[in-house]
Amino acid sequence: QLIETGGGQVQAGGSLRLSCTASEHTTTKYPIAYFREDARKDRWFVASVSANGGRKYYGGAVRGRFTMSKDMPNNTAHLEMTLLKPEDTGIYYCAFGMTNVPPDAIYDRGYEYPIWGQGMQVTVSS
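Residues numbered from 1 in each chain as written. Predicted model: local features only at pLDDT ≥ 70, side-chain atom pairs only at ≥ 80, totals over all residues. Heavy atoms only, no water.

**Q** Help me understand the layout of surface pockets, please; the structure alone is not making it clear to me.
**A** Where empty space is left becomes clear once a probe the size of a water molecule has been rolled over the atoms. For the largest pocket, the calculated volume is near 150 Å³. Sort the elements by how many residues they give to the lining of the largest pocket and strand S5 (residues 43–49) lands first, with three residues. In terms of residue class, the lining of the largest pocket is made up of five nonpolar, two polar and five charged. (1 Å grid on protein atoms, 1.4 Å probe; cavity = no way out; pocket = protein on both sides within 12 Å on 5 of 7 lines; lining within 4 Å. Points joined across faces, edges and corners; volume = space filled by probe spheres on them. Helix = DSSP H or I, 4+ residues; strand = E, 2+ residues; numbered from the N terminus. Nonpolar A, V, L, I, M, F, W, Y, C, P; charged D, E, K, R; others polar.)

**Q** How should I be thinking about the state of the cysteines in this particular structure?
**A** Note: disulfide means a covalent bond formed between the sulfur atoms of two cysteine side chains. Scanning the model with the defined rule gives one disulfide in all. Between the sulfur atoms of Cys20 and its disulfide mate Cys94 the distance is 1.9 Å. Its torsion about the S-S bond being -80°, the disulfide of Cys20 and Cys94 is classed as left-handed. Here the residue Cys20 occupies a position in strand S3 (residues 16–22), and Cys94 occupies one in strand S9 (residues 90–96), the gap between them amounting to 74 residues. (Disulfide = S-S within 2.5 Å.)

**Q** Is there a simple way to explain the packing of aromatic side chains in this structure?
**A** Here the distance between the centres and the angle between the planes together describe a pair of aromatic rings. Taken as a whole and assessed by the stated rule, the structure comprises six aromatic pairs. Ring plane angle 40° and centroid distance 5.1 Å describe the contact between Phe35 and Trp116, whose orientation is recorded as tilted. Taken together, the residues Phe35 in strand S4 (residues 32–37) and Trp116 in strand S10 (residues 115–116) connect sequence positions 81 residues apart. A relative accessible area of 3% means that Phe35 is categorised as buried. (Phe/Tyr/Trp six-rings, centres within 6.5 Å; stacked < 30°, edge-to-face > 60°. Buried < 20%, exposed > 50% of the residue type's maximum accessible area, 1.4 Å probe, protein only.)

**Q** Would you explain the nonpolar core in this entry?
**A** Where a protein is soluble and globular, its nonpolar side chains tend to be buried together. In this structure, Tyr34, Met68, Leu79, Met81 and Tyr92 are the most contacted members of the largest nonpolar core, which totals 26 residues. The element best represented in this core is S3, accounting for four residues. Dropping the residues within four chain positions of it, Met81 is found in contact with Gly14, Ser15, Leu16, Leu18, Arg65, Phe66, Tyr92 and Val122. (Core = buried A, V, L, I, M, F, W, Y, C linked by side-chain atoms within 4.5 Å. Contact = heavy atoms within 4.5 Å.)

**Q** Could you clarify how one ought to interpret the pattern of salt bridges in this entry?
**A** A side chain with one charge may pair with a side chain of the opposite charge, provided their charged atoms come close. This model, assessed by the stated rule, comprises six salt bridges. Taking the shortest distance from any N to any O, the salt bridge between Lys41 and Glu37 comes out at 3.8 Å. Overall, the relative accessible area of 10% leaves Glu37 in the buried class. Residues Glu37 and Arg43 are paired through a salt bridge, measuring 3.0 Å at the closest nitrogen-oxygen approach. Overlapping salt bridges, with partners in common, bring together Glu37, Lys41 and Arg43 in one network. (Salt bridge = Lys/Arg side-chain N within 4 Å of Asp/Glu carboxyl O.)

Put into structure tokens, the structure is as follows:
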């Protein structure tokens, strides 16, 4: 199970931070990603970090504005969101990937992440 924190409401141009960790301590390293679900229930890739924390990848809509990081000892991921836009509004889901993958592998498809958090609402007003 995953625990997500952060989110909330902010005006355009503002910043928010999301965090995600496993509910039980584990030394297993996972690739971790964030996806955003919009009002139409479409789910979009936002950002991901490899299991070893060494590689990150961003969706085109957020590149240059969002930063993904990983606290390795705690297997916790953080998503720093800056210069937020109204179109960033949605439910942000954290997801943990599979363990039998290369430590520096990066994935951007939902089916590559079998463990999902409950989602955090992010609302950006204009």
